[in-house]
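Topology and contacts: notes
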Amino acid sequence: MDFPSFYMDHLAGGRLIIGLIASLHVLINHPLAVGAYPLLTWMEWWAHKNNRPDIDRLAYRITFIVFIVTTTVGALTGVGIWLSTSLFAPFAIGSLLRVFFWGWFAEWLVFISEVVLIMWWFLTWKKADTPEKKKKHIRIGVALSIMSWLTMALIVAVLGFMMKPGVWNQTRAFIDAMTNPLYAPQLGFRTFFALMTAAVFIWFTAFFFTKKSSSGDDRPWRLRRWIVYRMSHVVLISMLGVFLFGTWYWNCVPETMKANSSVALLTQEFMSWHGQFQSLLGWTVATFVVIALGGLSDIFTVPRWALLIPSVMGIWMLGHFERAREFMRKPWVIGEYMYSNGVHKDELAYLQSEGILKHATYVKHREVTEANKLECGQDVFMLACSRCHSTTGLNSVLDKFTAMYGADKPWDSVGMTLFIKGMHQTRTFMPPFPGNDREAEALVAYIQQLRAKPQTLHGAQTEGISFSPLPKGPAMTAETQPQR
Amino acid sequence: MNALLAATPVPRDLPLPLPVPEWLLVFCLVVFFLVHILFVNLMVGGSVLVVVLEWLGLKNKRWDALAHEIAQTITVNKSLAVVMGIGPLLCINLLYTMQWYSANALTGHAWLLIVPLVITAFLLTYLHKYTWDSWTTGGRKTLHQLTGIAAALLFLFIPLIFLANVNLMLIPSEWEKVKGFFSALSIGNVLPRYLHFMAASLAMTGLFLAGWLGRQGSDFSHLDGFTRPELRRFFYTICARVTLAQFVLGPLLLFTLPSAGITTQVYVIIFSGASLGLLTLWVLFGELKRPDATIGSRYWLIVLLFSLVVLGMGSGRHVYREAALAAHKTQIKERTERYYTALAEFNKAHAAMPQVAEQSPEQLFMNCAACHAPNVKLVGPPLTEIAQIYAGNPDGIVAWAKAPGKKRPELPQMPPMIHLGEANLRKIAELMLIKGAAAAAK
């Protein structure tokens, strides 16, 4: 990759941060925005129609929470995905932006309208004091619900597109994203998942606003009964959707994976994912059913903490769901075009023959010698491995090689070199090694040295950059290369 | 010049064309950025004003009420500032891919910190706004003020991160000196940029509030200590005085810019903008002299003039950026072209080479050699052991390699090798048995 390498050793190179920010974003966006807006709008409408100011007030209070969370953590984690991938994989985000510009541009426009609408809706709620104004106000809520759903629909398309190898290489048309076999089940799954979790969220927060008053007034209690009863229905119905779309998705994934990859990617890890997904789907759906039925039954039994169980399972399930994307993507960041380490498919053979250091920018040396072997190995590690592995931190190469060669004996350098040169054959989720033989040996020397003396590798954000100048002219050989 | 360039990294660009014509991107960048920075100005300037006015409000309640009114606008402006920032970010990523991402990486920790810092600042502004009527006395009021101060301090700090990046991207020749965010602050002219920006924030906030709180239909029920003309005058005064100060801060920024991008064109644009600014200031001071009855009648003229000034400065800034990076961009283009020409030649020669139809068994065996050595246990059992188990049974090896089981508890799981294909696995298996037997015989 031809950018200074941002890299954090202890956090799997930094990948973990993107994951963290993205998960947080999805966890807020699905239940609190996509799912909650329509339900809250519906509550407002119902209160208006049946003249129930208490329900309107409850909807307003829950919207307050939604408003605060989505306009702070929600919005900023969305931007944060962008900022963190710019750091960690600028080659990928930069290329994706050039390819899917219009998708992102449209996404931005929809996002602007979403932000304007949520502010408009929430901040004018109290001012809508006549039936006419109230009707108009409810329409803002409807528009908001549509826009937030559209934001999700668009971004799912962009993500689906990124995974679909081959096609855009030929057509480069955005519509191909929508024809991705995973698009419809994925969108349906997310929509119903959002509604289901939003219902549980509203149910849960309603408990705080419908506390029993001491004066024997049973109105709060009746309000609580009302909301629990309605939300149970929403949970039950959307759960059915989650189950159907989840199963459809589960059936589509292996087919797509087979069709998408030149090599059969059906590794053991994937098989175990596949099995786990099914049982997790079953158990999640089951807990939601139990809770929903409890809410429907007249005996008022579902305690507040019990609502946390399906929520946690939902989160777990969603995480599992997102992992499928990871599986399908590796070793690519852009299917059949660019590997996770920024190497293009069509330059692989060139780099393997010429060497990756020779054509890189932010490296100390361009040719491996006995003297600079370790420094070269470190640069090769940074270029070829650091987007997925750390040196000594999470998912470190040391751990990986220890698992292979054992902790107590010396590691066989020849074997390691062979492994690295064939790593994409042994482990199909890894890209091929993008350098020449001497560079593979330098990498092994670096790893051996790392084993003997584990040392944290620092990224450009702390160490800065060092680079050796490019030789002038097209012919770049070791002899003409000026020494710095 | 050459000595300078020698220390400038010249990376290869991404081999994809821009998705839209460059002029359109430039136009979008300049316009979207100005919209974004306007809301940022209002957010930053507003939060500073709120802190000061709330403090004045300890003596005279009417300032407290005014501060509260301003606090209501910040929470809206801040959301718009964020969402309107995405567009210019898209544009700058596209136009200055190699410089922008590099600056981000070099200040990486700070760049990442934007997310939690902004979240915290936003939550604090909400807390400040929604506790205004409940945290009113004694220690609670102090706590309330501290909340406002904390938010304002964050808003004062966060722009520095962006400015450091905007500054750093322009000076690739200095990248080698940067070791982390704080060292990036000492390169180029971050501080003059910062002062210019902060002054603009106060001036724009003054102008905005003169219009917003001074507008005909505005609700004065919470502001009974003020009259409408009084408020207009007050905010106009802030805008005018700070803008006057810009005539010192502006030149300071201009004359501290690294010389690489300074051209006559830049001077022409900036000085035209500045003379327009003088005119604006003249109208503004004229407005301040008006009696209560007519103050504010020139508001939209002033807004228009300010927009033109800002547009001028924004264009000047872009022209400077283009000129500063012209050499770097050309070098990158040349290097990229050189690389892709060589690559295309290589790939052509490569494709012309007679394709090896089949890999030899020895080559195929490389897929296993990382883990299986003749005599020693590497990752998996040695070939001698395999040859013993599967003597005369290569198909057994094939079956195993397609779907390896778990036999030896002390060894890791072997990955499935089914992607090599049955025929290839069969060749490997036969070779494995030969090698194993040979190693055992030694």
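Cut-offs used in this document
- Residues numbered from 1 in each chain as written.
- Chains lettered and ligands numbered in written order.
- Predicted model: local features only at pLDDT ≥ 70, side-chain atom pairs only at ≥ 80, totals over all residues.
- Heavy atoms only, no water.
- Helix = DSSP H or I, 4+ residues; strand = E, 2+ residues; numbered from the N terminus.
- Buried < 20%, exposed > 50% of the residue type's maximum accessible area, 1.4 Å probe, protein only.
- Contact = heavy atoms within 4.5 Å.
- Areas by Shrake-Rupley, 256 points an atom, 1.4 Å probe, with all protein chains shown as cover.
- 1 Å grid on protein atoms, 1.4 Å probe; cavity = no way out; pocket = protein on both sides within 12 Å on 5 of 7 lines; lining within 4 Å.
- Points joined across faces, edges and corners; volume = space filled by probe spheres on them.
- Domains from an automatic or database assignment.
- Phe/Tyr/Trp six-rings, centres within 6.5 Å; stacked < 30°, edge-to-face > 60°.
- Lys NZ or Arg CZ within 6 Å of the ring centre and 35° of its normal.
- Expected span 1.5 Å × (residues − 1).
- Bend = angle between axes of the 7 residues up to and from the residue.
- Arc of directions from axis to C-beta.
- Buried area = accessible area lost by both parts, 1.4 Å probe.
- Salt bridge = Lys/Arg side-chain N within 4 Å of Asp/Glu carboxyl O.
- Polar contact = N/O pair within 3.5 Å; in protein donor to acceptor, adjacent residues only side chain to side chain.
- Nonpolar A, V, L, I, M, F, W, Y, C, P; charged D, E, K, R; others polar.
- pLDDT = per-residue confidence, 0-100.
- Disulfide = S-S within 2.5 Å.
- Axes fitted to C-alpha atoms, helices over the stretch in contact; angles between N-to-C directions.
- Parallel < 35°, antiparallel > 145°, perpendicular 65-115°, else oblique.
- Left-handed = near helix turned anticlockwise from the far one by under 90°.

What to know about the overall build of chain A
- Along the backbone of chain A there are 18 helices and 2 strands.
- For chain A, with 484 residues in total, the buried portion stands at 58%.
- The contacts of chain A with a sequence gap of at least 6 include a subset with a gap of at least 24, amounting to 74%.

Some thoughts on the overall build of chain B
- The secondary structure content of chain B amounts to 15 helices and 0 strands.
- In terms of its C-alpha atoms, chain B occupies a principal-axis envelope of roughly 110 × 55 × 35 Å.
- Out of the 442 residues in chain B, the part that is buried amounts to 54%.
- At a minimum sequence separation of 6, the contacts of chain B that also span at least 24 residues come to 73%.
- Of the roughly 19800 Å² of accessible surface on chain B, a fraction of 69% belongs to carbon and sulfur atoms.

A look at empty space enclosed by the protein
All names here are of chain B.
- One pass over the full model with this rule turns up 8 cavities of 30 Å³ or more.
- Quantified by volume, the second largest cavity comes out at close to 70 Å³.
- Around the second largest cavity, the lining residues are Ser47, Val50, Val51, Ala71, Ile74, Thr125, His128, Lys129, Gly148 and Ala151.

Some points on the domain arrangement of chain B
- Here the domain parsing of chain B yields domain 1 (16-336) and domain 2 (361-441).
- The distance between the C-alpha centroids of domain 1 of chain B and domain 2 of chain B comes to 67 Å.

Observations concerning the packing of aromatic side chains
- If you walk through the whole model with that rule in mind, you get 41 aromatic pairs over all chains.
- Seen in terms of ring centroids, Phe234(B) and Phe235(B) are 5.0 Å apart; in terms of plane orientation they differ by 70°. Their pairing is edge-to-face.
- Among the aromatic side chains, those forming a connected cluster through ring pairs are Tyr60(A), Phe64(A), Phe67(A), Trp121(A), Phe122(A), Trp125(A), Tyr126(B) and Tyr130(B).
- Over the aromatic face of Tyr339(B) sits the side chain of Arg12(B), whose NZ or CZ is 4.0 Å from the ring centroid.
- Over the ring of Trp55(B) we find Lys59(B), and its NZ or CZ is 5.9 Å from the ring centre.

Here we look at helix H1 (residues 15-49) of chain A
Residue and element names in this part refer to chain A.
- Given a rise of 1.5 Å per residue, 35 residues ought to cover 51 Å, and the 50 Å separating the end C-alpha atoms of H1 matches this to within 8%.
- If you look at H1, its biggest bend is around 55°, right at alanine 36, and the proline proline 38 turns up within four residues after that.
- Phi turns positive, to about 55°, at asparagine 51, one or two residues after H1.

Topic: helix H14 (residues 397-405) of chain A
Residue and element names in this part refer to chain A.
- All of the buried residues along H14 are Val397, Leu398, Phe401, Met404 and Tyr405. On an axial view of H14, the arc spanned by its buried residues comes to 125°, and they lie on one face.
- Here the buried face of H14 lies against helix H13 (373-384), helix H15 (413-421) and helix H17 (437-452).
- At the exit of H14 stands glycine 406, carrying a positive phi of roughly 90°.

Examining the domain arrangement of chain A
Residue and element names in this part refer to chain A.
- The domain boundaries assigned to chain A delineate domain 1 (15-211 + 218-339) and domain 2 (345-468).
- Each partner contributes to the interface: domain 1 provides 15 residues, whereas domain 2 provides 12 residues.
- Of the roughly 1200 Å² buried at the junction of domain 1 and domain 2 (both faces included), carbon and sulfur atoms supply 61%.
- Interface area lost by domain 1 to domain 2 is led by Arg15, Phe88 and Tyr339, which between them contribute 38%.
- At the junction of domain 1 and domain 2, the tally comes to 0 salt bridges.
- Summed over the shared surface of domain 1 and domain 2, the number is 2 residue pairs in polar contact (both at pLDDT 80 or more).
- Looking at the side of domain 1 that touches domain 2, its residues break down into 10 nonpolar, 1 polar and 4 charged.

Here's the deal with the confidence of the model for chain B
All names here are of chain B.
- With 98% of its residues at a pLDDT of at least 70, chain B reaches an overall mean of 91.
- Under a pLDDT of 50 for its full length, residues 1-5 has, in the predicted model, 2 contacts with residues more than four places off or in other chains.
- This complex was scored by the predictor with a pTM of 0.90 and an ipTM of 0.89.

Some details on the pattern of salt bridges
- What the rule picks out here adds up to 26 salt bridges over all chains.
- Among the ionic pairs, Glu354(A) bridges to Lys358(A), the shortest N-O distance being 3.3 Å.
- Among the residues examined, Lys358(A) registers a relative accessible area of 16% and is labelled buried.
- Close ionic contact of Glu287(B) with Arg290(B) constitutes a salt bridge, the shortest N to O distance being 3.3 Å.
- Among the ionic contacts, a cluster of salt bridges with common partners joins Asp2(A), Glu347(A), Arg12(B) and Arg335(B).

Remarks on the interface of chain A and chain B
- Counting residues at the interface gives 80 residues for chain A, matched by 82 residues for chain B.
- Summing the contributions of chain A and of chain B, the shared interface buries around 7200 Å²; its carbon and sulfur component is 71%.
- For the pair chain A and chain B, the number of links is 4 salt bridges.
- In this structure, the salt-bridge partner of Asp2(A) is Arg335(B), at a minimum N-O distance of 4.0 Å.
- At the boundary of chain A and chain B, one finds 15 residue pairs in polar contact (both at pLDDT 80 or more).
- Put simply, the parts of the chain that give the side of chain A that touches chain B at least two residues each are helix H2 (53-88), helix H3 (90-99), helix H4 (101-123), helix H11 (348-354), H14, H15, helix H16 (423-426) and helix H18 (460-463) of chain A.
- Looking at the side of chain A that touches chain B element by element, the count peaks at 14 residues for H2(A).
- Within the side of chain A that touches chain B, the residues separate by chemical class into 50 nonpolar, 20 polar and 10 charged.

Side note on the confidence of the model for chain A
Residues and elements named next belong to chain A.
- Looking at chain A, pLDDT values average 83 and 85% of them are 70 or higher.
- Across residues 260-266 the pLDDT falls below 50, and counting only partners more than four positions away or on other chains, this stretch makes 15 contacts in the model.
- In the predicted structure, residues 473-484 sits below a pLDDT of 50 and forms 18 contacts with residues beyond four places in sequence or in another chain.

Notes on the state of the cysteines
- Considering all chains together, one arrives at 0 disulfides over all chains under this definition.
- Among the cysteines around Cys388(A), which has no disulfide bond, Cys385(A) carries the closest sulfur, lying 8.6 Å off.
- Assessed through its relative accessible area of 21%, Cys388(A) is described here as partly exposed.
- Its sulfur unpaired, Cys28(B) is 5.0 Å from the next cysteine sulfur, which belongs to Cys91(B).

A word on the packing of helix H8 (residues 190-212) of chain B against helix H11 (residues 299-352) of chain B
Residues and elements named next belong to chain B.
- Look at H8 against H11: their axes get within 11 Å of each other, and the N-to-C directions meet at 155°. When the interaxial angle is binned, H8 and H11 end up roughly antiparallel. Crossing angle aside, the handedness with which H8 passes H11 is left-handed. Here H8 contributes Met204, Leu207, Phe208, Ala210 and Gly211 to the contact with H11, which in turn contributes Tyr299, Ile302, Val303, Phe306 and Val310.
- Class assignment for the residues of the contact of H8 with H11 results in 9 nonpolar, 1 polar and no charged.

Quick word on unusual backbone geometry
- The phi angle at Asn51(A) is positive, at roughly 55°, despite the residue not being glycine.
- Relative to the helices and strands, Asn51(A) is located in the loop between H1 and H2.

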